[in-house]
Amino acid sequence: MFTGIIEELGMVVGIDELGDSARLAIRGTTVASDAAHGDSISVNGVCLTVVDNADGVFTADVMGETLKRSTLGSLRAGAAVNLERAATVATRLGGHIVQGHVDGVGSVLSREAGDQWETVTFSLPEGLGRYVVEKGSITVDGISLTVTAVTDDTFSVGLIPTTLKLTTLGAKGVAERVNLEVDIMAKYVEKLLGKARQS
């Protein structure tokens, strides 16, 4: 489990393609400082398991299903990535409960700059709109964000200077793709209400 508060902007330093999977090597001195084999690290919102860790670079295996259903399949050496270590029982929940399970891939539709912040609008894949509400939480490339507006197939967020500077969203251009994870609470509510109606 994660909180969606990015700890570090890392960099992909190597990709080994292994048939229908891949092994990523990622430089992230903060998240790798105490990472051990088997630990979980969120990479652009995808929960990956550490295979090895040395000199500030950790490796993680990514299966074919994850490569197809997230933006990790399009990563190249030199790409910047958002990194967060798994939460502990003592972690402050500064964002919201994030699983690191991508629900879909959206894209940047527009960016509107303000004096100190920026409004960014993203596309929503079919079927996800019902889980997104104004003032609710959504995870974009691993970042916990508050929804400022939503339609059936789009949503907008406001990015403060810290988010623009310390995450990949500061440099994402129109049409670039992002990993999306909706609030897990909405899925549980939907399932429970569905069962209640059937009773």
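Preceding this paragraph is the structure being described.
Residues numbered from 1 in each chain as written. Predicted model: local features only at pLDDT ≥ 70, side-chain atom pairs only at ≥ 80, totals over all residues. Heavy atoms only, no water.

Some remarks on the side chain of Thr-3
If you trace the backbone, Thr-3 turns up in the segment before strand S1 (8-18). A relative accessible area of 4% places Thr-3 in the buried class. Looking at Thr-3, its side chain comes within polar contact range of the main-chain nitrogen of Ile-5, at 3.3 Å. (Helix = DSSP H or I, 4+ residues; strand = E, 2+ residues; numbered from the N terminus. Buried < 20%, exposed > 50% of the residue type's maximum accessible area, 1.4 Å probe, protein only. Polar contact = N/O pair within 3.5 Å; in protein donor to acceptor, adjacent residues only side chain to side chain.)

A closer look at the nonpolar core
Among the nonpolar cores identified, the biggest contains 20 residues, and Phe-122, Val-140, Phe-155, Val-157 and Leu-169 are the most heavily contacted of them. Mapped onto this core, the elements with two or more residues apiece are strand S8 (118-123), strand S9 (137-140), strand S10 (143-150), strand S11 (154-159) and strand S12 (177-182). For Leu-169, the residues in contact, after removing those within four places along its chain, are Arg-111, Phe-122, Val-140, Ile-143, Leu-145, Leu-159 and Val-178. Residues Ile-26, Phe-58, Val-81 and Leu-83 belong to the second largest nonpolar core, which totals 19 residues. (Core = buried A, V, L, I, M, F, W, Y, C linked by side-chain atoms within 4.5 Å. Contact = heavy atoms within 4.5 Å.)

Examining the pattern of salt bridges
Counted according to the given criterion, the structure contains 8 salt bridges. Among the salt bridges present, the one from Arg-85 reaches Glu-7, with a minimum N-O distance of 2.6 Å. Of this pair, Arg-85 sits in strand S6 (residues 80-85) while Glu-7 sits in the segment before S1, and the two are 78 residues apart along the sequence. Look at Arg-85 and you get partly exposed, because its relative accessible area is 23%. The partner of Glu-190 in a salt bridge is Arg-130, with the nearest N and O atoms 2.6 Å apart. In this pair, Glu-190 sits in helix H4 (residues 184-198) while Arg-130 sits in the loop between S8 and S9, placing the two residues 60 residues apart along the sequence. You can call Arg-130 exposed: its relative accessible area is 54%. Within this structure, Glu-7, Asp-34 and Arg-85 form a network of salt bridges that share partners. (Salt bridge = Lys/Arg side-chain N within 4 Å of Asp/Glu carboxyl O.)

Side note on H4
Helix length check: H4, at 15 residues, gives a terminal C-alpha distance of 22 Å against a target of 21 Å (1.5 Å per residue), a fit within 8%. Sitting at the head of H4, Asp-183 places a side-chain oxygen 3.1 Å from the backbone nitrogen of Met-185. (Expected span 1.5 Å × (residues − 1).)

Regarding the pairing of strand S3 (residues 40-43)
For S3 and strand S4 (residues 46-54), the ladder comprises 4 bridges, and the chain directions are antiparallel. Looking at the pairing, Ser-42 lines up with Cys-47 of S4. Between the antiparallel neighbours S3 and S4 lie 2 residues, among them Asn-44 with a positive phi of about 50°. Where S3 meets S6, 3 bridges bridge the pair, whose relative direction is antiparallel. Considered in S6, the bridge of Val-43 is made with Leu-83. (Pairing = 2+ DSSP bridges.)

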